[in-house]
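Secondary and tertiary structure notes
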Amino acid sequence: MIRVLIVCGLAATLAGCAALPGPACLPPSRPMLSAELAFGRNIGDRLGVSDADFKRFAAAEITPRFPDGFTVIDGVGQWHDPERGRIVHEKAKLVTLVFAEDPAKAAALTAIADAYKRRFRQQGVLLAVRPSCVSF
């Protein structure tokens with residue numbers, strides 16, 4: 001009987017751990033999501049997305065979906081182009097966003113990436129989302 005109670009107690013404890021909502025945050029921070037998008041700037045083998053082009057894109061596609069703000073950082077990256085079978089080095093814009101978990105925001109991230117791919121003839125946009133503890 002004691003063995004059954006121990007097994008039941010352990011099972012209940014592990015089930016509760018699976019349901020914990022995100023990271024445990026120290027005050028004043030609170031659990032939110034952090035997303036990073038990496039936008040390559042080459043079109044073909046040359047720089048095709050200027051700083052002005054990206055600024056217009058951000059104003060039209062990112063700002064309306066995330067009006068509370070975001071950060072843009074200039075970067076340089078590399079990736080393997082499967083169509084040409086080679087490593088590509090290119091300038092990039094990295095955008096960081098922080099937001100409360102919301103299915104509409106997840107859809108907005110996908111919409112932003114899709115809009116960039118269409119507008120600037122890109123094969124992909126890197127999107128990484130992770131739980132974060134955030135305070136402002």
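Source: prediction; values computed, not measured.

Remarks on the environment of L33
Among the secondary structure elements, L33 is positioned in strand β1 (residues 30-40). Owing to a relative accessible area of 18%, L33 belongs among the buried residues under this scheme. A C-alpha to C-alpha distance of 8.1 Å links L33 and C133, two positions 100 residues apart in sequence. Discounting chain neighbours no more than four positions away, the residues touching L33 are L97, V98, F99, E101, V129, R130 and P131.

Structural notes on the packing of aromatic side chains
Aromatic ring pairs are reported here in terms of the distance separating the ring centres and the angle at which the planes meet. Applying the stated criterion across every chain, the model contains nine aromatic pairs. An angle of 55 degrees between the planes, with centres 4.9 Å apart, marks the rings of Y116 and F120 as tilted. With a gap of four residues between them, Y116 and F120 both fall in helix α3 (residues 103-120), about one helical turn apart. For the pair Y116 and F120, one class covers both residues: buried. Taken together, the ring pairs connect F39, F54, F57, Y116 and F120 into an aromatic cluster. The positively charged end of K105 is found above the aromatic ring belonging to F66, 4.6 Å away from the centroid.

Rules used throughout
Residues numbered from 1 in each chain as written. Predicted model: local features only at pLDDT ≥ 70, side-chain atom pairs only at ≥ 80, totals over all residues. Heavy atoms only, no water. Helix = DSSP H or I, 4+ residues; strand = E, 2+ residues; numbered from the N terminus. Buried < 20%, exposed > 50% of the residue type's maximum accessible area, 1.4 Å probe, protein only. Contact = heavy atoms within 4.5 Å. Phe/Tyr/Trp six-rings, centres within 6.5 Å; stacked < 30°, edge-to-face > 60°. Lys NZ or Arg CZ within 6 Å of the ring centre and 35° of its normal.

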